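Tertiary structure, described
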There are 2 protein chains.
Amino acid sequence: MKQALKQFSDYIVANGLKFTPQRRLIAEVFLRQVGHLSTEDLYDRVRKEDSSVGQATVYRTLKLFCDSGLAKEVHFGDGMARYESSANTNHHDHLICIGCGKQVEFMDSEIEKLQEKLAERNGFLMTSHHMYLYGVCPACRKK
Amino acid sequence: MKQALKQFSDYIVANGLKFTPQRRLIAEVFLRQVGHLSTEDLYDRVRKEDSSVGQATVYRTLKLFCDSGLAKEVHFGDGMARYESSANTNHHDHLICIGCGKQVEFMDSEIEKLQEKLAERNGFLMTSHHMYLYGVCPACRKK
DNA sequence: TTACCTGCAAACAGTTTGCAGGCCG
DNA sequence: CGGCCTGCAAACTGTTTGCAGGTAA
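Let us look at the structure shown here.

1. Looking at the pairing of strand β5 (residues 103-106) of chain B
Two faces belong to every sheet, and in a regular strand the side chains alternate between them. Residues and elements named next belong to chain B. Going residue by residue along β5, you find V104 and F106 tucked away on one face and Q103 and E105 left uncovered on the opposite face. Alignment of strand β4 (residues 93-97) against β5, held across 4 bridges, turns out to be antiparallel. Along β5, the bridge assignment pairs L95 with V104. Where β4 folds back onto β5 in an antiparallel hairpin, the turn is made up of 5 residues, including G101, whose phi is positive at roughly 80°.

Here's what the structure looks like:
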């Protein structure tokens, strides 16, 4: 079993929960994805492999992913939650094209350092952050 | 008439729309606020001065604020839009306490510069960004 | 066996929209 | 006077929840 999936099943067992076929399937499909996934996307993909799975189960399982540390919820400001695996991928931020919606993920340790400094300057102990840069991508700039 | 309010009425007239009492009231109440305001907050405040105003009008007027450049929509990831005046206040980002929800607004030109550089490095022309830092505020750290 | 889970559908919260009447310009 | 606006309520969208039956351990 892959590492991330094992981490999930361990979490489940450790908390007296059950590692059901649905949870396994949802986790497998989710972990296959490199970037982020909306709940609906994930639901559609899961249903392609087992059409009997309910939407509520997907929602509930995604919550479980977050609790277990397997996934993280991210928001792009369009009133729809998205999730990304925090097991395979490292922390990153988002660069989003306002023309075509293309998304680039990046990480800049210099910015990260400044953020922590800034939080500290305000007396805060920083635990996490979200950063979204919006702009026009190379392809859209040519149009 | 205050500058920001004038900007709004100008925009309205310029687009062949009407500067109605409701729009005026909503704008006045909105502009009175220093930080950000949820739609519901604004609705409640407006109703204290004129209880006949409908919720839909507040929603529609907030959209109009955004179109006119008077306000900007911001998201904190709790599934509820908030708006802040872009007329009186300069651009800023948010530092949010995960303990008590306290919010500090800040602006750091060093970070801003790095963000633009980064976007450019990816071929993007940056137009805007959102940055949210989450952490524990001084008061909550002591608990 | 017995929690815990599931799918379903109803419930929810925030937001949008259709409509009949009202009012600004 | 005519087109834009309004309040109301119904519709919508993403998400959550109650329930009765099913199932992992």
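2. With respect to the relation of the copies chain A and chain B
Take chain A, turn it by 179°, move it 0.0 Å along the axis, and it overlays chain B with an RMSD of 0.2 Å. Here the copies are linked by what is in effect a two-fold axis. Measuring from the rotation axis to each C-alpha of chain A, the shortest distance belongs to M131(A), at 2.2 Å. Looking at the interface residues of chain A, 100% of them are also at the interface in chain B, so both copies use one shared face.

3. As for the interface of chain A and chain B
Facing the 34 residues of chain A at the interface are 34 residues of chain B. Of the roughly 3100 Å² buried at the junction of chain A and chain B (both faces included), carbon and sulfur atoms supply 69%. If you sort the residues of chain A by the area they bury against chain B, L118(A), F124(A) and Y134(A) come out on top, with a joint share of 21%. Our enumeration of links across chain A and chain B arrives at 2 salt bridges. For D108(B), the salt bridge is made with R121(A), and the minimal N-O distance between the two is 3.9 Å. The tally of links between chain A and chain B comes to 8 residue pairs in polar contact (both at pLDDT 80 or more). Of all the secondary structure elements, the ones that give two or more residues to the side of chain A that touches chain B are β4 (93-97), β5 (103-106), α5 (109-121), β6 (125-136) and α6 (138-142) of chain A. In terms of residue count, β6(A) provides more of the side of chain A that touches chain B than any other element does, 12 residues in total. The class makeup of the residues in the side of chain A that touches chain B is 20 nonpolar, 10 polar and 4 charged. The pairing of β6(A) with strand β6 (residues 125-136) of chain B spans 11 bridges and is antiparallel. Bridge assignment links G135(A) to a residue of β6(B), and that residue is M126(B).

Cut-offs used in this document
- For every chain, the first residue of the written sequence is number 1, and numbering continues from 1 along that sequence.
- In the order they appear in the text, chains get letters beginning with A and ligands get numbers beginning with 1.
- In view of the model being predicted, local features appear only for residues whose pLDDT reaches at least 70, and side-chain atom pairs are presented and counted only at 80 or more, with totals across whole chains, interfaces and linings using the full set of residues.
- Values shown for side chains rest on all heavy atoms present in the structure; no hydrogens or waters enter the calculation.
- Note on exposure labels: buried denotes an accessible area under 20% of the residue type's maximum, exposed denotes more than 50%, and partly exposed covers the range between, all computed with a 1.4 Å probe on protein chains only.
- Under the scheme used here, helices are H or I runs from DSSP no shorter than 4 residues and strands are E runs no shorter than 2 residues, and both carry numbers assigned from the N terminus.
- For two strands to be treated as a pair, DSSP must find no fewer than two bridges joining them.
- C-alpha atoms of residues with pLDDT of at least 70 in both copies form the basis for the least-squares superposition of the copies.
- We call two residues in contact whenever any of their non-hydrogen atoms come within 4.5 Å of each other.
- Buried area: the accessible surface (1.4 Å probe) lost by two parts on joining, summed over both.
- Whenever a carboxyl oxygen of Asp or Glu lies within 4 Å of a side-chain nitrogen of Lys or Arg, that contact is scored as a salt bridge.
- Throughout this description, a polar contact denotes any pair of N or O atoms lying within 3.5 Å of each other; where both atoms belong to protein, one of them has to be capable of donating a hydrogen while the other can accept it, and for residues adjacent in sequence the pair is counted only when both atoms sit in side chains.
- Any residue that is not Ala, Val, Leu, Ile, Met, Phe, Trp, Tyr, Cys, Pro, Asp, Glu, Lys or Arg is counted as polar, Gly included; the first ten are nonpolar and the last four charged.

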